[in-house]
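Spelled out from the first residue to the last, the chains are:
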Amino acid sequence: MSVLLAVSGLVAGYEPGLPILRGVSLTLGEGGIVALIGPNGAGKSTLIKAIAGQVPRFAGAVSLAGRDLAGTPTHRLGALGLGYVPQVANVFARLTVAENLVLAAAALPGPARRAAVAAQYAAFPDLASRARLPAGRLSGGQRQMLALARALLASPRVLLLDEPSAGLAPAVVSTVFARLRAIAAGGVAILLVEQNVGAALALATRALVLVGGRIAREDAAAALAADPGLADLFLGRAA
Amino acid sequence: MIAQYVADGVVSGALVGLGAIGLTLTYAVLGFANFAQGEFLTWGAYFALALLSGTGLGHAAALPPFAFGWPLLLVLPAAVALTGGLAVALDHVLFRPLRRRAGPMGLVIASFGASLALANLVVLLFGPKPRYFSRAIAFAIPVAPGVRLTADRMLVVALALLAMAALHLLLTRSRLGLAMRASAENPALAAVYGVDAEGVRRASWWIGGGMSALAGVLLGQTEQIQPLMGADLLLSLFAAAILGGIGSAGGAFVGGLVVGLAEALSVPLLGAAYRPAAAFLVLFAVLMLRPTGLFGERP
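Residues numbered from 1 in each chain as written. Chains lettered and ligands numbered in written order. Predicted model: local features only at pLDDT ≥ 70, side-chain atom pairs only at ≥ 80, totals over all residues. Heavy atoms only, no water.

Attention shifts here to the overall build of chain B. Looking only at helices and strands, chain B features 11 helices and 2 strands. Counted from the first residue to the last, chain B has its helices and strands arranged as α-α-α-α-β-β-α-α-α-α-α-α-α. Its C-alpha radius of gyration of 19 Å places chain B within 12% of the 19 Å reference for a compact globule of 299 residues. Dimensions of chain B, computed from the C-alpha atoms along their principal axes, are close to 55 × 50 × 35 Å. Burial status across chain B gives 51% buried among its 299 residues. Sequence separation of 24 or more characterises 75% of the internal contacts of chain B that already satisfy a separation of 6 or more. When the accessible area of chain B is evaluated, it comes to approximately 13,200 Å², of which 70% is carbon and sulfur surface. (Helix = DSSP H or I, 4+ residues; strand = E, 2+ residues; numbered from the N terminus. Rg over C-alpha atoms; globule rule 2.2 N^0.38 Å. Buried < 20%, exposed > 50% of the residue type's maximum accessible area, 1.4 Å probe, protein only. Contact = heavy atoms within 4.5 Å. Areas by Shrake-Rupley, 256 points an atom, 1.4 Å probe, with all protein chains shown as cover.)

Burial runs high along helix α3 (residues 97–104) of chain A: 6 of the 8 residues are buried. Taken together, the buried positions of α3 of chain A are V97, E99, N100, L101, L103 and A104 of chain A.

Below, the discussion takes up the layout of surface pockets. Space inside the largest pocket adds up to approximately 810 Å³. Around the largest pocket sit 25 residues that line it, and R94 of chain A together with G247, S248, A249 and E297 of chain B are the ones nearest its centre. Looking at the lining of the largest pocket, the elements with two or more residues in it are α1 (2–30), α5 (151–173), α6 (175–185) and α10 (249–269) of chain B. Here the lining of the largest pocket is built from residues that sort into 13 nonpolar, 7 polar and 5 charged. Here the second largest pocket defines a volume of roughly 580 Å³. Elements with a minimum of two residues in the lining of the second largest pocket: α2 (74–80), β6 (82–85), α3 and α6 (140–153) of chain A together with α6, α7 (187–192) and α8 (197–222) of chain B. Among the elements that make up the lining of the second largest pocket, the one with the highest residue count is α2 of chain A (6 residues). Residue classes in the lining of the second largest pocket are distributed as 21 nonpolar, 6 polar and 4 charged. (1 Å grid on protein atoms, 1.4 Å probe; cavity = no way out; pocket = protein on both sides within 12 Å on 5 of 7 lines; lining within 4 Å. Points joined across faces, edges and corners; volume = space filled by probe spheres on them. Nonpolar A, V, L, I, M, F, W, Y, C, P; charged D, E, K, R; others polar.)

Below, the discussion takes up empty space enclosed by the protein. All names here are of chain B. All chains considered together, the criterion is met by 1 cavity of 30 Å³ or more. Each pocket or cavity is described by its volume, and for the largest cavity that value is around 70 Å³. Taken together, F68, L72, L73, L76, D152, L155, V156, L159, V217, L218, Q221 and T222 make up the lining of the largest cavity. Listing elements by their share of the lining of the largest cavity, those giving two or more residues are α3 (70–101), α5 and α8.

This paragraph deals with the packing of aromatic side chains. For any pair of aromatic rings, the description consists of the separation of the ring centres together with the inter-plane angle of the planes. All names here are of chain B. Considering all chains together, one arrives at 10 aromatic pairs over all chains under this definition. A centroid spacing of 6.3 Å and a plane angle of 50° characterise the contact between F32 and W205, whose relative ring orientation is tilted. Placement of F32 in the loop between α1 and α2 (37–55) and of W205 in helix α8 is noted, with a sequence separation of 173 residues between them. The class for F32 is buried, based on a relative accessible area of 1%. A relative accessible area of 1% places W205 in the buried class. Through successive ring pairs, a cluster of aromatic residues spans F32, F40, F95 and W205. (Phe/Tyr/Trp six-rings, centres within 6.5 Å; stacked < 30°, edge-to-face > 60°.)

Here we come to unusual backbone geometry. Residue and element names in this part refer to chain A. Unlike most non-glycine residues, A89 shows phi in positive territory, near 45°. Looking at the secondary structure, you find A89 in the loop between β6 and α3. Even without being glycine, E163 reaches a positive phi, approximately 50°. Mapped onto the secondary structure, E163 falls in the loop between β7 (158–162) and α7 (170–185). Taking relative accessible area as the criterion, E163 reaches 9% and is therefore assigned buried.

Neighbouring strands of a sheet are bound in pairs by backbone hydrogen bonds; such pairs are parallel or else antiparallel. Residues and elements named next belong to chain A. The strand order across the open sheet formed by 6 strands is β6-β7-β8-β3-β9-β10, and the pairing between neighbours is mixed. The open sheet has two edge strands, β6 and β10 (214–220), and neither has a second partner. In this sheet, neighbouring strand axes are inclined to one another by 15° on average, regardless of whether the strands run parallel or antiparallel. Where strand β3 (residues 33–37) meets strand β8 (residues 189–193), 4 bridges bridge the pair, whose relative direction is parallel. By the bridge assignment for β8, A35 is matched with L192. Together, β6 and β7 form the strand contacts of α6, whose direction differs from that of β6 by roughly 165°. (Pairing = 2+ DSSP bridges. Axes fitted to C-alpha atoms, helices over the stretch in contact; angles between N-to-C directions.)

A word on the interface of chain B and chain A. The figure often quoted for interface size is the accessible area lost as the parts come together. Each partner contributes to the interface: chain B provides 18 residues, whereas chain A provides 20 residues. The three residues of chain B that bury the most area against chain A are E185, V192 and Y193 of chain B, which together make up 39% of that side's buried surface. For the interface between chain B and chain A, the tally reads 1 salt bridge. Where E99 of chain A meets R181 of chain B, a salt bridge forms, and the shortest distance between an N and an O atom there is 3.0 Å. Inspection of the chain B/chain A interface yields 5 residue pairs in polar contact (both at pLDDT 80 or more). For the side of chain B that touches chain A, the secondary structure elements donating two or more residues are α6 and α7 of chain B. A total of 6 residues in the side of chain B that touches chain A trace back to one element, the largest contributor, which is α6 of chain B. Each residue belonging to the side of chain B that touches chain A can be placed in one class, and the counts come to 10 nonpolar, 3 polar and 5 charged. (Buried area = accessible area lost by both parts, 1.4 Å probe. Salt bridge = Lys/Arg side-chain N within 4 Å of Asp/Glu carboxyl O. Polar contact = N/O pair within 3.5 Å; in protein donor to acceptor, adjacent residues only side chain to side chain.)

As C-alpha cells, this is what we get:
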C-alpha cells in the first residue's frame, strides 16, 4: 500500500504555547476510509484542520504523496490532491449551486471545467435540478452533497471530512455514507472525523482513537467496534 | 423646477455611487471601513491633471459638445489604472502588515492616517488652489421640459452606468467576481475552494481605487479639482454604502443615487442649509425600516 498522506509528530493548536495536538502521527493509503474517533475536545477537528492548513502547525510534518506541505498555502492544497470538507459553513450560501461548483473548478480550462461540473451533476442528480438555487436554500443533506461534489471536482487523492453526518437525518446519513464508500472504492483515501462512533466504525476500514491530543489506539475498525474496552479509552482509562 | 433638481441629484448621485463602490468592496472583502477612500477620488483627478500637463496635452481644444478635449479621454484610463495601483501599494505598505497584527479597528485608524497623508501629499505636490482640466465654458442644453444639463454632466451619468454595468458583469460572470463574492462571504472557505485570498484583495483594491478615480476625474471636469474634493465627499460615500447595504456593489451605486437625490431635493424642500444633513435623514429612515440597507444580506 503506497502512503498518500503522512503526518508525523504533529503539534498544532490555535495559540502558540497551548497545543491541542501533542505529537500525532498517522498514515493514509490509497482507497481506504480511516475514521478518527474520540471524546469531545480530543482534537479530532483540529487534526483535520491542521492537515488542511486551517490551524497553525507548531511542530511535526505533513506530507502528501511524499511532498512536504510545510509552507503550502491552503488555496494550493486542492491542486496538489488534498480535498477538505469542513463541518459547518462548507458551501457558499449566497452563491448558487452552479456557482459553488464553477468556483471550485475555476482552475481548470473551460471545456475540462464544464465536463468536471457535468460529471458531478451526473453523480449528484439532486444538485443538477437545483443548479440555480442559492446554496443557502438547500437542505442539510443536499448541502453536504454539494460540499462533497465541490471537493471531488479537483479529483483529490486524499479527502478530509469533518463530521459529514452532523445534523443530518438517519436516512440522509446512509445516503452520504454510501456515497463515501463509492468515492473510496474509486481509490480516494478518506480521513473522517465522526461523533457517531458506531456509524463511523461500520463505514471505515481502519480507525484511530484520539484522546487528549494524542493517538491512544489504532486498529481495524471492526476490531475496535467489537472491543468492549473502547468506552474506557474514551473516558481516558487504559483499555 | 423640481425636475432640474432631480437631474442634478442624479448626476451628483452617480459620482457618489461610483466612489461608494470602492468603500463597500473594501468592507466586504477586507472587513474594514476605509476612511482613505475619498483620497482615491482626489488622486484620480490629480493623476489625470498631471498626465495632461506632463504630456503637454492639456491645451488641446474642446471636443464639442463637451467642454474638454480628447486628451482627457486618453488619460482617463491611465488615471484609473494609476489610482488602482496606488490603492494596491497602500495596501502593501500599510494595511497588509497590519492585517496580521491589528483588528479591524486598527485598520480603520490606519486609514484615517493614510487619508491625512494622501491629502497633504496632494497639497505638497500640486498646491492648495483649485485647478481645472479645461477653461472652456460648458453650455447647458435642454434635455426635457424644465431640465437643462451640460453634455459633460450627461456623460458623467452615461459613464457611471457603463462602469456599473461592467462591474456587475465582472462580479456575476467572471471567475474573479465569483472569487470576490465567495471571499466576502467566508474567506477561510474560499481558500479551501482554491481561491488565493491575496489575489482577491489586490483585485478589490484595484477595482475600488479605479472606480473612485473615475468619479474623481468626472467630478474634476464638472466642478473643480482641489485637494479636499474626495474628503468632502466622504460622508456621502459612507451614507451611500450603508444605505445600499454594506458589501453590495449595486447597492452602493443605488445608495449613491438616493444620496444625490436627497441632497439635491433638500434645497427646494428644506432649504440649502439642510443639504449636508439630507443624506443622513434618508439613511436614518431607511435603516429604521431595513437595518441591513436596501440590498444588504441579513447576517
